[in-house]
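A structural walkthrough
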Amino acid sequence: LMIGFLEDIRRSRNQMQQLQVVYDAFDAQGVDYMPVKGAILKTLYPQPELRMMEDADILIRTEQLPTIRQIMLSMDMEERIGDTNESVWNHPKLLLELHKTLISSQFGDYLEYLRNSWDYAEKEPKGHAYRFREENHFVFLVIHFAKPYMRGSTTPKDICDLWVFRNAYPQMNEDYIS
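Each value, and the rule that gives it
Residues numbered from 1 in each chain as written. Predicted model: local features only at pLDDT ≥ 70, side-chain atom pairs only at ≥ 80, totals over all residues. Heavy atoms only, no water. Helix = DSSP H or I, 4+ residues; strand = E, 2+ residues; numbered from the N terminus. Expected span 1.5 Å × (residues − 1). Buried < 20%, exposed > 50% of the residue type's maximum accessible area, 1.4 Å probe, protein only. Contact = heavy atoms within 4.5 Å. Axes fitted to C-alpha atoms, helices over the stretch in contact; angles between N-to-C directions. Parallel < 35°, antiparallel > 145°, perpendicular 65-115°, else oblique. Left-handed = near helix turned anticlockwise from the far one by under 90°. Nonpolar A, V, L, I, M, F, W, Y, C, P; charged D, E, K, R; others polar. pLDDT = per-residue confidence, 0-100. Pairing = 2+ DSSP bridges. Core = buried A, V, L, I, M, F, W, Y, C linked by side-chain atoms within 4.5 Å. Phe/Tyr/Trp six-rings, centres within 6.5 Å; stacked < 30°, edge-to-face > 60°. Lys NZ or Arg CZ within 6 Å of the ring centre and 35° of its normal.

1. As for the environment of Gly4
Locating Gly4 in the fold gives a position in helix α1 (residues 2–29). In sequence terms Gly4 and Val31 are 27 residues apart; their C-alpha atoms lie 36 Å from each other.

Quick look at the structure:
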């Protein structure tokens, strides 16, 4: 058990280190980006290693894709095939999903709500990072939870994410969320 746990810690730390390298490159090249889901949730858990992350999800601006592609290639990242709403890049330490929209077109009503995600973003004080307002990120997490729920494949991680996020931001506007 200890060996498995230590491997999880190593994987988590490698992911977060590589993610910071991506953030730094985006900031240096003037690329706007908004991390969501695991990339944010890991920082809210008591220890980041407790929140497993298969891939890091980041919302990007479509018009900046040529610059992003050059950045990814300069970091020796390999382009992968993804859904139409994402550009997927692989590195030995990190699988990165760069989202043009936060949900694929097969989830019609949800897509409409998330179509203008940048409208709900707040600029971070430095660099080119943005963050969802807490209520909007929570709504996004609920929508993202609905996808595996409809397929019958929810996991304890999905439920824990909602709980951890609510506990991290207890002052969220419940009327807005409803």
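On we go.
2. So, α1
Helix length check: α1, at 28 residues, gives a terminal C-alpha distance of 41 Å against a target of 40 Å (1.5 Å per residue), a fit within 8%. Ile9, Ser12, Asn14, Gln15, Gln18, Leu19, Val22, Tyr23, Ala25 and Phe26 are the residues of α1 that are buried. Those residues of α1 that are buried are in contact with β1 (33–36), α2 (38–41), β2 (56–60), α3 (65–74), β4 (86–91) and β5 (94–99).

3. Points about the packing of α1 against α3
Packed helices, taken two at a time, are described by the angle between their axes plus the distance between the axes. At a closest axis distance of 11 Å, the pairing of α1 and α3 adopts a crossing angle of 135°. One finds that α1 runs oblique with respect to α3. Between α1 and α3 lies a crossing whose hand is right-handed. Contacts between α1 and α3 involve Val22, Ala25, Phe26 and Gln29 from the former and Thr67, Ile68, Ile71 and Met72 from the latter. A class-by-class count of the residues in the contact of α1 with α3 yields 6 nonpolar, 2 polar and no charged.

4. Some details on the confidence of the model for the protein
On average, residues of the protein score 91 in pLDDT, and 97% of them reach the 70 mark or higher. Averaged pLDDT values for the elements of the protein fall to 71 in helix α4 (residues 108–114) and rise to 97 in β1.

5. Here we look at the side chain of Ser12
Considering the arrangement of structural elements, one finds Ser12 in helix α1. When near neighbours in sequence (up to four residues on either side) are disregarded, Ser12 contacts Lys42, Pro48 and Glu49.

6. Describing the sheet that holds strand β3 (residues 78–80)
Taken in spatial order, the 5 strands of this open sheet run β1-β2-β5-β4-β3, and their pairing is mixed. Both outer strands of the open sheet, β1 and β3, are each paired with one neighbouring strand and no more. With direction set aside, neighbouring strand axes in the sheet form an average angle of 30°. Examined bridge by bridge, β3 and β4 share 3 bridges and lie antiparallel to one another. Bridge pairing in β4 places Glu79 opposite Trp89. Where α1 meets the sheet, its contacts fall on β1, β2, β4 and β5, and the angle it forms with β5 comes to roughly 40°.

7. A word on the nonpolar core
The biggest cluster of nonpolar side chains holds 24 residues, and the ones touching the most others in it are Met34 and Leu102. Elements supplying a minimum of two residues to this core: β1, α4, β7 (130–132), α5 (134–151) and α6 (156–168). Among all residues touching Leu102, those that are not within four sequence positions of it are Val36, Leu59, Asn85, Leu114, Ser117, Phe132 and Phe140. Phe26, Met72, Leu94 and Leu98 belong to the second largest nonpolar core, which has 22 residues in total.

8. Regarding the packing of aromatic side chains
Inspection of the entire model under this criterion finds 7 aromatic pairs. The interplanar angle of 90° and the centroid separation of 5.1 Å between the aromatic rings of Trp118 and Tyr130 together place this pair among those described as edge-to-face. A residue pair is termed long-range when its members are at least 10 positions apart, and Trp118 in the loop between α4 and β6 (121–123) and Tyr130 in strand β7 qualify at 12 residues. The ring of Tyr130 carries the charged tip of Arg61 above its face, separated from the ring centre by 5.5 Å.

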